[in-house]
Amino acid sequence: MSNATPFPNPSDPIPLSLINDFLYCDRRAALKVIEGVRGTNVHTVVGDSVHERSDVSGYETVSGVTLLRALPVWSSRLGINGRCDVVERHIDGTMVPVEFKKGRRRKFDNDDAQLCAQAMCLEEMFGLEVPRGAIFHARSKRRREVEFTEDLRRLTEEAVEAVHWQIEENSVPRAVHKPQCSECSLFDYCLPEITSAPPTLAQAARDVFDTTG
């Protein structure tokens, strides 16, 4: 469990999902939280369907394990909040956050950091250690265990702090056009092929669509 001091001058609490966005693409996170952009594509629709059951608050007990669904969580120290898809509460009192993802079983640091942030919230709220969690991959119907190592905790805290400063500075990074851009739900708003161009060309493109003059 981390004993680090609170971040200096934190902004309003940021959603847990924004940690995932930031590690996937810092510009994507900024467009969402600073400019309020939301997008929809086939991936977001599939993702919504995967979360349909876990988004309904409630609990059930299976084989002695209590499953807490859509549990609200927060951390005052980190300045984050959100909810866990599922938290398994075992007979010995241990808690295991479980995150649902639409894709097949693969390891992504951004997914692991989002899950780790959930664990940090649970640790602060309940005063216990949460050493591990799990991600359930809907496409392959496989569960991947995630250990919350010191390196993963450090990555998570650094991402949280970076998002807070991004908001504090009201800064939207310039685009970096990558292969995964085409899969992003904000692709049509971000226009990475244009906004990642050298400043002179990018400015010329903006001038074409400028209707304020």
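Residues numbered from 1 in each chain as written. Predicted model: local features only at pLDDT ≥ 70, side-chain atom pairs only at ≥ 80, totals over all residues. Heavy atoms only, no water.

The next point concerns the overall build of the protein chain. From N to C terminus, the protein chain includes eight helices and seven strands. Taking all 213 residues of the protein chain together, 42% fall into the buried category. Taking the intrachain contacts of the protein chain between residues at least 6 apart in sequence as the baseline, contacts between residues at least 24 apart amount to 63%. Surface accessibility of the protein chain: about 12,000 Å² in total, with carbon and sulfur atoms responsible for 53%. (Helix = DSSP H or I, 4+ residues; strand = E, 2+ residues; numbered from the N terminus. Buried < 20%, exposed > 50% of the residue type's maximum accessible area, 1.4 Å probe, protein only. Contact = heavy atoms within 4.5 Å. Areas by Shrake-Rupley, 256 points an atom, 1.4 Å probe, with all protein chains shown as cover.)

Okay, the packing of helix α4 (residues 109-126) against helix α5 (residues 150-168) next. Across the interface, α4 lies against α5 with an axial gap of 9 Å and an inter-helix angle of 90°. Here α4 lies roughly perpendicular to α5, going by the angle between them. Contacts from Asp-109, Asp-112, Ala-113, Cys-116, Ala-117, Met-120 and Glu-123 of α4 reach α5 at Leu-152, Arg-153, Leu-155, Thr-156 and Glu-157. Looking at the contact of α4 with α5 residue by residue, the class counts come to six nonpolar, one polar and five charged. (Axes fitted to C-alpha atoms, helices over the stretch in contact; angles between N-to-C directions. Parallel < 35°, antiparallel > 145°, perpendicular 65-115°, else oblique. Nonpolar A, V, L, I, M, F, W, Y, C, P; charged D, E, K, R; others polar.)

Another aspect to go through is the packing of aromatic side chains. Aromatic ring pairs are described here by two measures, namely the spacing of the ring centres and the angle between the planes. Under the counting rule described, the total for this entry stands at one aromatic pair. Taking 5.5 Å as the distance between ring centres and 55° as the angle between the ring planes, the aromatic pair formed by Phe-100 and Phe-136 counts as tilted. With Phe-100 in strand β5 (residues 95-101) and Phe-136 in strand β6 (residues 132-137), the pair connects residues that are 36 residues apart, well separated along the chain. (Phe/Tyr/Trp six-rings, centres within 6.5 Å; stacked < 30°, edge-to-face > 60°.)

Before going further, it helps to spend a moment on the nonpolar core. By size, the foremost hydrophobic cluster in this structure holds 31 residues, and its most contacted members are Leu-16, Ile-19, Val-73, Ile-80, Val-87, Leu-122 and Phe-148. Taken together, the elements giving at least two residues each to this core come down to α1 (16-24), β3 (65-75), β4 (80-89), α4 and α5. At eight residues, the largest contribution of residues to this core is made by α4. Setting aside anything within four residues of it in sequence, one finds Ile-19 in contact with Ile-80, Ala-113, Gln-114, Ala-117, Ala-159 and Val-160. (Core = buried A, V, L, I, M, F, W, Y, C linked by side-chain atoms within 4.5 Å.)

Our next topic: the side chain of Gln-114. Note that Gln-114 resides in helix α4. A polar contact of 2.7 Å, which involves the side chain of Gln-114, links it to the side chain of Asn-20. (Polar contact = N/O pair within 3.5 Å; in protein donor to acceptor, adjacent residues only side chain to side chain.)

As a further point, take the pattern of salt bridges. Inspection of the entire model under this criterion finds 12 salt bridges. A salt bridge links Asp-111 to Lys-101, with the shortest nitrogen-to-oxygen separation between them at 3.9 Å. You can see Asp-111 sitting in helix α4 and its partner Lys-101 sitting in strand β5, a full 10 residues away along the chain. In this structure Lys-101 comes out as buried when scored by relative accessible area, which is 15%. We note a salt bridge from Arg-132 to Glu-145, for which the minimum N-O separation is 3.6 Å. Taken together, the residues Arg-132 in strand β6 and Glu-145 in strand β7 (residues 142-147) connect sequence positions 13 residues apart. Residue Arg-132 is classed as partly exposed on the basis of its relative accessible area of 38%. Each of the salt bridges in this network shares a partner with another, and the network as a whole consists of Glu-88, Arg-132, Arg-143 and Glu-145. (Salt bridge = Lys/Arg side-chain N within 4 Å of Asp/Glu carboxyl O.)

With five bridges joining them, strand β2 (residues 58-62) and β3 adopt antiparallel strand pairing. Bridge assignment links Tyr-59 to a residue of β3, and that residue is Leu-68. Counting the residues in the hairpin turn of β2 and β3 gives two residues, including Ser-63, whose phi is positive at 50°. (Pairing = 2+ DSSP bridges.)

Attention shifts here to α4. Its 18 residues give α4 an end-to-end C-alpha distance of 25 Å, which sits within 8% of 26 Å, the value for a rise of 1.5 Å per residue. Here α4 lies mainly inside the structure; 14 of its 18 residues are buried. The positive-phi residue at the C-terminal boundary of α4 is Gly-127, with phi of around 65°. (Expected span 1.5 Å × (residues − 1).)

Interpretation in functional terms is not warranted from these geometric data alone.
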